[in-house]
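Structure at a glance
The primary structure of each chain is shown beneath.
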Amino acid sequence: AWKKFQAKPWVSKDDFEKEVVRHVETTLARSMFNCDETAAYAAASLAFRDRLITEWNRTQQRQTFADTKRVYYLSLEFLMGRALDNAMLNVGLKNVAKEGLSELGFRIEDIINQEHDAALGNGGLGRLAACFLDSMASLNFPAWGYGLRYKYGIFKQEIVDGYQVEVPDYWLDFNPWEFPRHDIVVDVQFYGGVRKYQDDDGKNVAVWEGGEIVRAVAYDVPIPGFNTPTTNNMRLWSSKAASGEFDFQKFNSGDYESSVADQQRAETISAVLYPNDNLDRGKELRLKQQYFWVAASLYDIVRRFKKSKRAWSEFPDQIAIQLNDTHPTLAIVELQRILIDMEGLDWDEAWAIVTNTFGYTNHTVLPEALEKWSVPLFQNLLPRHLQIIYDINMFFLQSVERKFPGDRDMLARVSIIEESQPKMVRMAFLAIVGSHKVNGVAELHSDLIRTTIFKDFVKIFGPDKFTNVTNGITPRRWLHQANPRLSELIASKTGGLGFLKDLNVLNELEKFADDKEFKKEWAEIKYANKVKLAKYIKSTTGVTVNPSALFDIQVKRIHEYKRQQLNIFGVIHRYLTIKAMTAEERKKLAPRVSIFGGKAAPGYWMAKTIIHLINNVGAVVNKDPDVGDLLKVIFLEDYNVSKAEIITPASDISEHISTAGTEASGTSNMKFVLNGGLIIGTCDGANIEITREIGENNIFLFGNLAEDVEDLRHTHNYGSHTLDPDLVKVFDLIKSDAFGDAGAFGALTGSIEDHGDYYLVSDDFHSYIKTQALVDEAYKNQDEWITKTILSVARMGFFSSDRCINEYAEMIWNVEPLPVEKES
Ligand code: DL6
């Protein structure tokens with residue numbers, strides 16, 4: 001009988017309006033007479049959420065009945081950005097909502113802008129996870145994301161007197177996109193001790209007992225696929241005290257503060273996202289976070305599997321778990337613990353299940369970013385897990401010994417336990433040993449991990465265990481949502497929105513690369529996007545920029561390896577050049593706006609110094625009358641996903657200029673090219689494959705190659721390293737206090753002059769400046785420039801995250817999509 005009352009997703013404008021009004025008047029308890037934009041956003045989101053949840057329920061039922069293999073993507077970061085615009089576009093009802101909102105007296109853009117970004121990530125790694133969720137749903141893969149519901153996402157960045165200041169980002173005031181599941185809770189144990197004994201059958205038993213319990217509560221966020229009813233789930237865990245609200249006994253005895261201490265301590269676990277500055281190394285709370293999340297997720301996964309009543313040996317046929325970097329590596333140990341301690345399986349049987357279930361993605365070769373945890377910390381927090389890690393290591397080293405008898409060095413190099421003081425657990429090694437596949441995220445990166453940091457493991461396990469899946473981006477958010485006019489133009493020439501599901505369709509644009517009318521429209525769209533960004537710059541910084549100038553953009557986390565310092569030194573060089581030019585020479589120069597954005601990790605002083613220098617250079621250059629429109633320097637505060645959606649479509653050139661061999665992939669390079677911008681970049685990460693796809697005539701490459709980096713570093717004698725003469729002039733200007741007290745930048749220039757120039761700024765400076773001059777020249781020929789951008793977009797099909805997900809599904813997960821007919 002209930003079936004006739006089941007919710008049907010609304011589709012018409014009138015039904016949408018009805019839902020909005022209902023939510024305003026009931027859920028929000030407001031009247032339509034005082035419905036402001038915040039309330040309209042809330043009500044519109046709830047109307048879409050209801051729609052998504054209906055499809056979410058159906059999807060979960062369909063996947064459960066079909067009993068197919070599921071993917072679980074474990075990521076400590078999901079940088080989702082805003083949800084409303086994405087939901088409207090993915091379900092294909094943005095126009096309906098636009099008309100409906102307009103009838104209710106609102107502009108859809110204003111309503112979209114009310115939303116707070118879900119910023120549960122630091123940068124590329126978290127945004128990749130978000131793109132993957134979109135692709136998995138759009139391709140109808142049965143897939144869940146598991147993460148943490150941080151109370152505070154990545155901090156908000158304010159720029160005060162040129163310095164970065166961090167402000168907490170409390171984003172949960174009103175979040176219509178999550179469903180608290182107070183019925184889905186998992187109690188997670190920490191500390192305590194392990195009691196071992198032999199049972200009546202002579203079997204060794206280990207019991208982890210004592211310690212403390214923290215409760216994980218599930219919050220579900222629906223993930224709608226594009227143009228499909230499939231709506232997957234992202235489950236985020238929030239921590240709370242297992243023992244109830246607070247200690248009444250203490251409260252009644254007047255000890256008010258400690259009566260709530262347990263509760264607060266428990267809630268701290270999911271309180272903050274750690275910034276990726278490696279200062280978390282050794283922090284117990286970070287390890288606690290990792291175990292809390294992994295234990296809750298695995299309990300949930302195992303509970304679901306057990307309902308199917310299948311044999312344990314079928315676990316890897318039903319479940320694939322992907323480890324997004326080493327952060328969830330404890331899942332390997334936890335599953336082994338569940339299987340041997342709780343379910344009574346033999347070690348070998350359990351270990352076969354574990355290794356066939358997990359895949360591990362590496363996202364960095366930077367040694368300082370590879371996670372290690374101290375053994376004493378582990379011993380205290382997770383005593384049983386440490387024992388299991390020792391056993392995993394013992395069996396692993398025995399197998400290495402059999403393969404390479406007598407090679408003690410090899411054993412020391414590959415041991416999961418580093419014999420340092422204190423001993424450390426090497427999480428990447430544990431992840432490799434416990435997974436059946438290990439992948440890097442771009443060809444160069446995957447080659448580097450095979451030949452450098454993991455080369456012993458290639459010898460041990462053979463080359464087939466190591467593979468590459470070059471990163472990608474979802475064209476739904478990064479083209480259709482961010483650049484609607486370009487998306488519309490492409491649709492009009494390629495027969496509809498099909499390219500959003502098969503990005504190779506973009507190839508059809510090649511035939512318009514010399515089409516005058518098409519090029520005109522293409523150029524108009526770029527100009528309009530630049531006008532939009534110029535307005536945003538004016539409103540946020542007060543600086544007027546000329547939308548006809550060349551927009552040169554570098555937005556990403558601020559890090560020495562990404563080399564924003566190279567960019568700003570190049571800007572200072574340009575400033576010096578302009579100052580030395582005659583009026584006639586200045587007329588021939590293409591005006592440029594250099595735009596920067598990105599956050600520095602709070603504890604990363606050098607990165608903060610780079611931000612300070614950029615702002616101080618801007619303050620001088622932007623008001624120098626000799627320079628005028630020829631150069632403007634902008635730092636955009638608080639770069640995040642929704643700002644990226646305004647910035648990316650407006651670039652003429654974007655900078656991806658990391659020291660060769662340091663940027664695993666990069667994904668903003670893909671976003672910029674897909675939006676009709678060209679790239680200046682090094683032969684690093686995915687730049688290499690982008691070049692291969694779009695052609696070397698359409699990209700400005702410069703700098704030394706990864707294979708030469710080590711040798712070059714050796715030639716840098718500390719203190720007597722000869723600097724590029726143009727760079728010396730730049731440093732001289734900085735040292736003359738032209739951009740404020742030079743003392744503030746001493747560490748930055750000193751790292752290059754006196755401390756070995758680890759990131760090869762001086763070695764690449766000349767090549768960078770020369771290549772920027774080529775960019776200036778090329779930009780003057782607008783006709784050819786536009787052709788280059790059209791050809792580049794036409795050849796970007798490879799970089800869809802749908803292609804990545806299909807590769808993961810085939811090579812690593814062995815999972816099939818569950819297609820579904822669209823019902824509405
Ligand atoms: O794979 C996603 C993303 C890559 O595009 C970036 O090149 C890479 O730096 C980033 N890696 C990390 C890991 N930690 N560190 N450093 O964020 O992954």
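Since the model is a prediction, treat every value here as computed from it, not as a measurement. (Residues numbered from 1 in each chain as written. Predicted model: local features only at pLDDT ≥ 70, side-chain atom pairs only at ≥ 80, totals over all residues. Heavy atoms only, no water.)

Thoughts on the site of the ligand
Residues in close proximity to the ligand total 14 residues, the closest being H363, N471, E663, S665 and G666. Between the ligand and the protein, one listed contact pairs an oxygen atom with a side-chain N or O atom of E663 at 2.5 Å. With the chains in place, 86% of the 420 Å² that the ligand exposes on its own is no longer accessible. Each residue belonging to the shell around the ligand can be placed in one class, and the counts come to six nonpolar, six polar and two charged. (Near = heavy atom within 4 Å. Polar contact = N/O pair within 3.5 Å; in protein donor to acceptor, adjacent residues only side chain to side chain. Areas by Shrake-Rupley, 256 points an atom, 1.4 Å probe, with all protein chains shown as cover. Nonpolar A, V, L, I, M, F, W, Y, C, P; charged D, E, K, R; others polar.)

A short note on the pattern of salt bridges
If the charged atoms of two oppositely charged side chains come close together, the side chains can form a pair. Tallying each qualifying case throughout the model produces 57 salt bridges. A salt bridge links R303 to D300, with the shortest nitrogen-to-oxygen separation between them at 2.6 Å. Highlighted residues: R303 and D300, both in helix 10 (residues 284–307), separated by three residues, approximately one helical turn. On the basis of relative accessible area, R303 is assigned to the partly exposed category, the value being 30%. Of the residues examined, D300 reaches a relative accessible area of 2% and is grouped as buried. A salt bridge links K587 to E584, with the nearest nitrogen and oxygen atoms 3.1 Å apart. (Salt bridge = Lys/Arg side-chain N within 4 Å of Asp/Glu carboxyl O. Helix = DSSP H or I, 4+ residues; strand = E, 2+ residues; numbered from the N terminus. Buried < 20%, exposed > 50% of the residue type's maximum accessible area, 1.4 Å probe, protein only.)

Observations regarding the side chain of T691
Inspection of the secondary structure puts T691 in helix 28 (residues 687–694). Among the polar contacts made by the side chain of T691, one reaches the main-chain carbonyl oxygen of N687 at a distance of 2.7 Å.

Looking at the sheet that holds strand 16 (residues 424–426)
Each strand in a sheet pairs with its neighbour through backbone hydrogen bonds, running either in the same direction (parallel) or in the opposite one (antiparallel). Reading across the sheet, the three strands line up as 14-16-15 and stay open at both edges, with antiparallel pairing between neighbours. Pairing within the sheet leaves two strands with one partner each, and these edge strands are strand 14 (372–374) and strand 15 (417–418). Direction of pairing for strand 15 relative to strand 16: antiparallel, over a ladder of two bridges. Residue pairing in the sheet places I417 in a bridge with V425 of strand 16. (Pairing = 2+ DSSP bridges.)

Considering the environment of F596
With respect to the element layout, F596 can be found in strand 20 (residues 592–597). Note on F596: relative accessible area 1%, which makes it buried. A C-alpha to C-alpha distance of 5.5 Å links F596 and V555, two positions 41 residues apart in sequence. Excluding its chain neighbours within four sequence positions, the residues that come into contact with F596 are Q554, V555, Q564, N567, I568, V571, I614, V633, I634, F635 and L636. (Contact = heavy atoms within 4.5 Å.)

With respect to the environment of I269
Position of I269 relative to the elements: it lies in the loop between helix 9 (261–268) and helix 10. Between the alpha carbons of I269 and V214 there is a distance of 9.0 Å; along the sequence they are 55 residues apart. When near neighbours in sequence (up to four residues on either side) are disregarded, I269 contacts F190, V214, S239, L285, K288, Q289 and F292.

Thoughts on the sheet that holds strand 19 (residues 550–555)
Spatial ordering of the open sheet is given by 21-20-19-22-23-24, a layout of six strands whose pairing is parallel. Strands with a single pairing partner mark the edges of an open sheet, and in this sheet they are strand 21 (631–636) and strand 24 (700–701). The pairing of strand 22 (residues 653–656) with strand 23 (residues 678–681) spans four bridges and is parallel. By the bridge assignment for strand 23, S654 is matched with I679. On top of the sheet, helix 25 (residues 605–621) reaches strand 20 and strand 21; it is set at about 140° to strand 21, its chief contact. (Axes fitted to C-alpha atoms, helices over the stretch in contact; angles between N-to-C directions.)

Regarding helix 33 (residues 782–794)
Here helix 33 contains 13 residues, and its C-alpha end-to-end distance of 18 Å stays within 8% of the 18 Å for a straight helix at 1.5 Å per residue. The element helix 33 is extensively covered by neighbouring structure, given that 10 of its 13 residues are classed as buried. Buried within helix 33 we find W785, I786, T787, K788, T789, I790, L791, S792, V793 and A794. (Expected span 1.5 Å × (residues − 1).)

Some thoughts on the packing of aromatic side chains
Under the criterion given, the structure shown has 32 aromatic pairs. Ring centres of W347 and F395 lie 5.3 Å apart, and the angle between their planes is 50°; on these two criteria the pair is classed as tilted. Here W347 is found in helix 13 (residues 347–357), whereas its partner F395 is found in helix 15 (residues 383–403), with 48 residues between them in sequence. On the basis of relative accessibility, which here comes to 17%, the residue W347 falls in the buried class. Residue F395 is classed as partly exposed on the basis of its relative accessible area, which comes to 36%. Residues Y575 and F739 carry aromatic rings whose centres are separated by 6.4 Å and whose planes lie at 55° to one another, so their mutual orientation is tilted. Of the two residues, Y575 sits in helix 23 (residues 564–580) while F739 sits in the loop between helix 30 (725–735) and helix 31 (746–753), which places them 164 residues apart along the sequence. There is no split in this pair, since Y575 and F739 are both buried. Here the aromatic residues F396, F429, F454, F457 and F461 are joined through ring pairs into a cluster of three or more. Sitting over the ring of Y219, R149 keeps its end group 3.8 Å from the ring centre. Directly above the ring of F461 sits K465, whose terminal nitrogen or CZ lies 3.7 Å from the centroid. (Phe/Tyr/Trp six-rings, centres within 6.5 Å; stacked < 30°, edge-to-face > 60°. Lys NZ or Arg CZ within 6 Å of the ring centre and 35° of its normal.)

Observations concerning the pairing of strand 23
Residues L678 and I680 line one face of strand 23 and the alternating positions I679 and G681 line the opposite face, and both faces are buried. Considered for its hand, the β-α-β crossover made up of strand 22, helix 27 (residues 668–674) and strand 23 is right-handed. Following the backbone out of strand 23, through helix 28 and into the adjacent parallel strand 24, one traces a crossover that is right-handed. (Right-handed = clockwise from strand over helix to strand, strands pointing away.)

Observations regarding helix 31
The element helix 31 is extensively covered by neighbouring structure, given that six of its eight residues are classed as buried. Restricting attention to buried positions, one finds in helix 31 the residues L748, T749, G750, S751, I752 and E753.

Quick notes on the confidence of the model for the protein chain
For residues with low pLDDT, the predicted coordinates do not support detailed interpretation. Of the residues in the protein chain, 97% reach a pLDDT of 70 or more, and the chain-wide mean stands at 95. Predicted as a complex, the structure gets a pTM of 0.97 and an ipTM equal to 0.98. (pLDDT = per-residue confidence, 0-100.)

Thoughts on the side chain of N567
As for its placement among the helices and strands, N567 is situated in helix 23. A polar contact is formed between the side chain of N567 and the side chain of E655, at a distance of 3.5 Å.

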